[in-house]
Amino acid sequence: MTLVAPLRSFSRGDLALAGGKGANLGELIAGGFPVPGGFVVTTAAYALVAAGNVTRAYFEDLEIPDALRREILTAYRELGGGPVAVRSSATAEDLPGAAFAGQQDTYLNVVGEDGLLDAVRRCWGSLWSERAVAYRDRLGIDPAEVRIAVVVQRMVAAEAAGVMFTADPVTGDRGRLVVDAGTGLGEAVVSGLVTPDHYVLTPRGEVAAFTPGRREVVIRALAGGGVSRESGADAPAERLPADVLRELARLGTEAARHFGRPQDIEWTYAGGEVSLVQARPMTALPPPPLGKLGPLRRKLATVLTEYVPVRPYPIDMSTWLPHGPAGLMGQVTGYYGLHSAFEGFAEEQDGVVYRLVPPHPRPSPRVLAVPFLIAAKARRYDPARWTDDPRFSRYLDGVRELRALDPAALPWPELIRMPRRALAAVRPVAGLRIDYLPRSGLALLRLFASLKLLGRTDLFGELVAGARTRTGDANRALEELAEEARSTGALAEDPLPAAFQAKLTEFLAEYGHREGASPILVTPPSWADAPETVLDLIRVLAAEPRRPESGDDALDRLLAHPRLRGARGRDKMLRRVRAARAGIAFREDSHFYFTLPLPVLRRSLVEIGRRLRDAGVLDVAEDVFHLRLEELEEIGDVAALGDERARRLRATVTARAARRAELAGVRLIDPRAVFPARETAGALITGTPASAGTVTGPVTVVRDASEFGKLAGGDVLVCPYTNPSWTPLFQRAAAVVVDTGGSASHAAIVAREYGIPAVMGTGDGTAVLADGQRVTVDGGTGVVTAAG
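Note that this is a predicted model, so its numbers are computed, not measured.

(A) Quick look at helix H5 (residues 113-126). For H5, with 14 residues, the first-to-last C-alpha span of 20 Å sits near the 20 Å given by 1.5 Å per residue. The set of residues buried in H5 consists of Leu116, Leu117, Ala119, Val120, Arg121, Cys123, Trp124, Gly125 and Ser126.

Listed below in structure tokens is the structure:
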């Protein structure tokens, strides 16, 4: 059993023995980096003395066993004695997703054997400080799994010291290093006691930007041990020498390359030499900038921001994302000769989606045959009759069979097969889209061309918005529920009246599979999974009388055109409008029906999670989302799951949950790379014009389905994304302003249907606009201004 060993003995694989800090420092030494010499009092030593005790006071009063005491002091003497830095090194720290920065204690300039032993005891005890315990609780780290080592290194009497990030922590740029430096020991910079000198460097050490610090405090080592804090007002305001900056940049770049990811490094400078005293993975680092996007990739990025508004879980990545609508569209584009248009856009790191990257579509030789393929499909497959296709009937029969099953009643072997059955059910959908989309697209192009000849392209959006769709049916059904609630006061009663509950249940049976956040993710709950979302929508609609239907005003205005006075011309135009609307209806309705298996898939996964929870593997059923489908399928019989396998699964969930928590405030994609701001005088925000009209009203920011109830009639709805489940709000909103999306998105189409102004793709509307702020929305120009 190794109780004490030199730092150079350890590497990344020794985390369990040396803790995160010790393992990383040993790895740096092995890689030839300048690291002050030292040794590690290992986690085995901690386990020897802890004996199950988990209080700070126990360790601070502890008498170290003689054998361990001798080993520690022998290592100290071999180091040469003198002043040392004593740092905690827990097994859960310095890991991706759990940096533990500052959670355990560090003691600088420790002098003498008694001082060293006392510092070691205090480091052990710091594992059980209130802040460390609270931090681990937040990350869901099991206290029984945590151990602590202690790193002892020669003390460097630094002239300057600080922190270096090997990527820009604000922009995510991997081509920049950021160095914060202060006079004296680095503790002043690390603990935030001083405003440091701030350097932005290129990998070659050239200074791209510099901001001088204020030197409020300087921490220095005292001759007899310990440190002093003094005012830095009299300290010379000198920048780091150019050769030191070059050396820092070289070491930082090499360390990032060595560890395979950007690093957060603590460094010192003394006697003309730079030393590294700590290295750990950077946490909460934004994705690298995308750079300039071409037109096609920008269009794909627009789709991604709308369809992936929240970070996918591992279970999303292995189920609905590759096999649901995104995967199906990949098959459609692949059939027509364009590959990789909907693949590989969600990059994972440490098992968690880290960023969205617009794909690079690759045309194949089949593209040359596309005109002929489209013509053949368009002649044969009419989207106005797609629901008569036998493939659609068989698809519905298969989904009904799956929906009739109760996951809770299934034995484990059948339950674990349910996700694959749900995914297999949607396979025929790709063929239907391949066949019926060509005529849909041609019909829209034909109508647009006809309107251009008449000089009335301004009517195109309103005309196609007149299509009868299942989304419209759902919205009308919600209005009927709202009218009943308004007239009977049903929503004021608890529980709901039986008659109203029956109608709500009937509504959810028909429309409950509507997605809450995204149609391509399985983890967000559907309407049926979260009926409170539907009740919030009903409350919003019931708050004021129903708006009268606008009728088909756009078609009436079109048919009044002088060149359409003849019966032949009118009939031809009517046929073109109907065909275009049939194309829009196919797009909307196929989406509606093709998400029918989504609740089946989600409920089967949650039931798997419940059984793993009952087996002690998970804390809550939804923790199953942190696992991939293939990892679940490898379990075999949950009843026979061994302790070691259960521990590995639990560790995987904990690590991915911690990484996800770390990324909670990190965007998946920079909205400004997708939606560049337009310089418009007087504009608060700008975006894509999506539905014409000008309206003034108060802003209500709705960030997700849980906030639907905030909207009042006449408000300007400002939201980060939309999908069909949001569109009932448009029946009361005065206008819609959305961070994502374009003029062809669901929100834009429905906004035109209801005749309200809409601005899409603002990029940052939810960040710029605030609740209650009065604004004027011009949906024809895509501009939002402050109301006078």
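What follows picks up the thread again.
(B) Layout of a positive patch on the surface. A contiguous patch of positive charge on the surface is contributed by Arg568, Lys572, Arg575 and Arg578. Locating lysine 572 in the fold gives a position in helix H22 (residues 567-594).

(C) Highlighting the side chain of lysine 377. Among the structural elements, lysine 377 can be located in helix H13 (residues 370-380). At 2.7 Å, the side chain of lysine 377 forms a polar contact with the side chain of aspartate 435. Dropping the residues within four chain positions of it, lysine 377 is found in contact with Tyr335, Tyr336, Ile434, Asp435 and Pro438.

(D) The pairing of strand S9 (residues 207-211), seen in detail. Bridging between strand S8 (residues 197-201) and S9 involves four bridges; their strand directions are antiparallel. Bridge pairing in S9 places tyrosine 199 opposite phenylalanine 210. Taken together, S8 and the strand that follows it, S9, pair antiparallel across an intervening segment of five residues, in which glycine 205 is found at a positive phi of about 90°.

(E) Structural detail: the sheet that holds strand S20 (residues 694-701). Strand order across the open sheet formed by eight strands is S18-S25-S24-S20-S21-S22-S23-S19, with mixed pairing between neighbours. Each edge of the open sheet carries a strand with a single partner, namely strand S18 (683-686) and strand S19 (688-691). On average, each strand axis in the sheet is tilted by 30° relative to the strand beside it, whichever way the strands run. The pairing of strand S24 (residues 774-778) with strand S25 (residues 783-786) spans four bridges and is antiparallel. Of the residues in S25, the one forming a bridge with aspartate 778 is valine 783. Strands in contact with helix H27 (residues 746-754) are S19 and strand S23 (758-760); relative to S19, the strand with the most contacts, it is inclined by about 45°.

The rules behind these values
Residues numbered from 1 in each chain as written. Predicted model: local features only at pLDDT ≥ 70, side-chain atom pairs only at ≥ 80, totals over all residues. Heavy atoms only, no water. Helix = DSSP H or I, 4+ residues; strand = E, 2+ residues; numbered from the N terminus. Expected span 1.5 Å × (residues − 1). Buried < 20%, exposed > 50% of the residue type's maximum accessible area, 1.4 Å probe, protein only. Patch = residues over 30% accessible without salt bridge, like charges linked within 9 Å, V, L, I, M, F, W, Y side chains within 5 Å. Areas by Shrake-Rupley, 256 points an atom, 1.4 Å probe, with all protein chains shown as cover. Salt bridge = Lys/Arg side-chain N within 4 Å of Asp/Glu carboxyl O. Lys, Arg positive; Asp, Glu negative; His and termini not counted. Charge placed at Lys NZ, Arg CZ, Asp CG, Glu CD. Polar contact = N/O pair within 3.5 Å; in protein donor to acceptor, adjacent residues only side chain to side chain. Contact = heavy atoms within 4.5 Å. Pairing = 2+ DSSP bridges. Axes fitted to C-alpha atoms, helices over the stretch in contact; angles between N-to-C directions.

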